[in-house]
Amino acid sequence: MSKLDQIVDFLETEKTDVAVVSDPVTINYLTGFYSDPHERQLFLFVYTDHEPLLFVPALEVERATAVVDFQVLGYVDSENPWEKIKGAIAKPDAKTVALEFDNLILTKYHGLQTVFEKAQFTNLTPRINRMRLIKSADEIQKMLVAGQYADKAVHLGFDAISLDKTETDIVAEIDFGIKRLGQEMSFETMVLTGNNAANPHGIPGSNKLENDALLLFDLGCMVNGYASDMTRTVAVGKPDDFKKEIYHLTLEAQQAAISMIKPGVTAHEVDRAARSVIEKAGYGEYFNHRLGHGIGMDVHEFPSIMEGNDLVLEEGMCFSVEPGIYIPGKVGVRIEDCGHVTKDGFGLFTETSKDLLYFD
Ligand code: MN
Ligand code: MN
């Protein structure tokens with residue numbers, strides 16, 4: 001069943017007249033057409049008994065028509081988009097309309113209320129999340145390609161390591177290198193040296209790389225609409241034994257989690273596997289975030305790999321495994337790979353070595 005057919009199936013089962021998709025990423029997921037409309041209006045209307053309608057700013061009509069095989073309607077800036085939608089949609093008298101509650105801002109919601117004056121609005125978000133949770137073979141192939149670019153990106157970072165450079169110097173070299181390969185980063189590249197790496201959401205700055213310290217890279221690329229996300233922590237100079245111990249403990253925690261991932265195991269159990277390694281060593285309080293997050297067309301999506309989440313893993317789920325130990329003022333380590341649940345294990349999207357690598 002195509003992804004759009006799955007929405008039609010949802011409408012039939014839920015006895016809902018219309019689905020209105022408003023999140024540009026969901027529209028891309030369902031149709032292959034991506035556009036960021038900024039403050040303009042972009043909607044996909046799906047019905048059970050009429051062909052869908054893609055409503056776009058006029059300047060996007062040509063590009064949209066080339067991608068989708070159903071009706072595309074544009075509006076120019078001087079037109080009232082809500083009146084234009086009302087005049088064009090198949091079911092202005094709809095009684096039930098499913099909207100993406102997690103995406104819709106109030107202005108658009110009010111606009112849609114003027115379009116569907118008689119409708120009750122229900123939430124489409126859980127269904128979309130459920131669909132996006134299980135990736136198809138084609139999506140997994142795209143995630144692998146995005147992962148290969150993350151591997152390239154982290155190696156660009158390794159090649160740039162030099163004690164006379166700042167964190168942002170190295171960020172710039174990574175981002176420039178990926179841009180030259182025709183791709184984009186999927187979020188702000190993080191390069192954190194020494195104590196700055198002890199902050200799980202530290203911001204790269206103008207401080208020069210520390211010698212005899214650890215250096216953390218957290219980065220990802222967005223390729224064909226799919227994201228990657230990986231973290232490597234490496235040694236610059238000769239870090240002391242304590243730093244190396246924390247590194248190897250983090251790696252052991254990551255491997256403990258990865259080795260138990262397969263269909264039937266819960267998200268809670270995977271988090272627990274990594275966390276108990278770190279707790280047993282006495283550093284539990286310094287691993288202060290969940291083990292991982294789902295990834296796909298967004299860098300963060302479902303499922304959340306955390307304590308208390310009884311979600312049972314299924315083949316096709318994609319998520320990160322990223323334990324970290326952050327001891328303020330001393331050391332910060334995180335090791336992260338994303339992968340997909342296979343028939344009997346977990347296939348990683350990134351391959352860069354996790355031996356503690358040394359640079360000077
Ligand atoms: Mn991540
Ligand atoms: Mn990351």
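The name recorded for the chain in an unreviewed UniProt entry is Aminopeptidase P family protein, from Streptococcus lactarius. Quoted straight from UniProt, the Cofactor (unreviewed entry) entry for the chain says "Mn(2+)".

Note that the residue after Phe302, namely Pro303, is joined by a cis bond; omega there is 0°. Among the secondary structure elements, Pro303 is positioned in strand β14 (residues 301–305). If you check the backbone angles, His38 has positive phi at about 50° while not being a glycine. On the secondary structure map, His38 appears in the loop between α2 (24–31) and β2 (43–47).

Attention now moves to the sheet that holds strand β11 (residues 226–227). Pairing is antiparallel across the open sheet formed by three strands, whose spatial order is β7-β10-β11. The two strands at the open ends of the sheet, each matched to only one other strand, are β7 (184–185) and β11. Sheet contacts for helix α7 (residues 137–160): β7, β10 (221–223) and β11; angle to β10, the most-contacted strand, approximately 140°.

A separate point is the coordination of the manganese ion (ligand 1). With distances of 2.1 to 2.2 Å, the protein atoms coordinating the manganese ion (ligand 1) are Asp229 (OD), His293 (NE2), Glu322 (OE) and Glu336 (OE). In this structure, the manganese ion (ligand 1) lies 3.2 Å from the manganese ion (ligand 2), and both are coordinated by Asp229. With His293 in strand β13 (residues 292–294) and Glu336 in the loop between β17 (331–334) and β18 (337–341), this pair connects stretches of sequence that are 43 residues apart. Across this residue pair, the class does not change: His293 and Glu336 are buried.

Reading the values: rules and limits
Residues numbered from 1 in each chain as written. Chains lettered and ligands numbered in written order. Predicted model: local features only at pLDDT ≥ 70, side-chain atom pairs only at ≥ 80, totals over all residues. Heavy atoms only, no water. UniProt positions renumbered as here; feature names shortened; annotations may be inferred. Helix = DSSP H or I, 4+ residues; strand = E, 2+ residues; numbered from the N terminus. Pairing = 2+ DSSP bridges. Contact = heavy atoms within 4.5 Å. Axes fitted to C-alpha atoms, helices over the stretch in contact; angles between N-to-C directions. Donors = N, O, S within 2.8 Å, 3.2 Å for Na, K, Ca; no water. Buried < 20%, exposed > 50% of the residue type's maximum accessible area, 1.4 Å probe, protein only.

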